[in-house]
Amino acid sequence: MNPDLSWVLNDVLQVPGARHAILVSADGLLLASSSQIGRDDAETVAAAMSSMQSLSRAVAPFIGAQAPGRWRQTLLEYDHGWIFLIAAGTGAYLAAAAAADVDMEAMSFRMQQQVAALGKAMTTPPRQDAGIDV
C-alpha cells in the first residue's frame, strides 16, 4: 500500500496557474494524482510521462557536452500551458501541468522543494517484472 502523498500534490498546486500534478513510477504506473484530474486521464498521462523521461535521458548527448550529466527536468510548452517533469527519488517522477502564464521559476522551485521534503517517501523500487535492470 502506498502512503498518502496528496499533500505533495496539493502543495505544488498552490502556485498560481498550476492545474494538475501526478506522481509516476519509472515503469509508468500512477502513484498519486491531484483531485483536479480524473483517474483515467491521470493513468494515461503517467504512462506518457514515464516515456518522456526516458526520451529525455536518451537525447541528453545532444547538448554537446562530453558528459551530459544526469537528467534533471523536462519542460514541454504548449499554446495554453506547460508540463513540468522532474525526478522525485529513485524510480519516481513528479509531473505538473500549469497555465501559460505561470511563474515558471516558482513552479519549478516548488516542485524541487516538495521532492526534497519527501525523501524516501517518493522512492519507488522497480517492480520485479518491469524489465528494468537495477
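Criteria and thresholds
Residues numbered from 1 in each chain as written. Predicted model: local features only at pLDDT ≥ 70, side-chain atom pairs only at ≥ 80, totals over all residues. Heavy atoms only, no water. Phe/Tyr/Trp six-rings, centres within 6.5 Å; stacked < 30°, edge-to-face > 60°. Helix = DSSP H or I, 4+ residues; strand = E, 2+ residues; numbered from the N terminus. Buried < 20%, exposed > 50% of the residue type's maximum accessible area, 1.4 Å probe, protein only. pLDDT = per-residue confidence, 0-100. Salt bridge = Lys/Arg side-chain N within 4 Å of Asp/Glu carboxyl O.

Visitor: Pulling in residues and values, what's your account of the packing of aromatic side chains?
Guide: The relation between two aromatic rings is expressed through the spacing of the ring centres and the mutual angle of the planes. Tallied over the entire structure, the rule returns one aromatic pair. Judged by centre distance (5.8 Å) and plane angle (65°), the rings of W71 and Y93 are edge-to-face. Placement of the pair is W71 in the loop between α2 (39-58) and β3 (73-78) and Y93 in strand β5 (residues 92-99), with a sequence separation of 22 residues. Since its relative accessible area comes to 7%, Y93 is described here as buried.

Visitor: Account for the confidence of the model for the chain, with residues named and values stated.
Guide: The predicted structure's coordinates, where accompanied by low pLDDT, should not be read in detail. Mean pLDDT over the chain works out to 86, with 86% of the residues at or above the 70 mark. Mean pLDDT values over the elements of the chain span from 82, in helix α1 (residues 6-12), up to 96, in strand β4 (residues 81-87).

Visitor: Lay out the pattern of salt bridges in plain terms, naming residues and giving numbers.
Guide: Across all of its chains, the model carries two salt bridges by this definition. With a closest N to O distance of 3.7 Å, D11 and R110 form a salt bridge. Within this pair, whereas D11 is found in helix α1, its partner R110 is found in helix α3 (residues 104-118), the two being separated by 99 residues in sequence. We classify R110 as partly exposed; its relative accessible area is 22%. One salt bridge in this structure joins E43 and R39, with 3.0 Å as the shortest N-O distance. Here R39 and E43 lie together in helix α2, a separation of four residues that amounts to about one turn.

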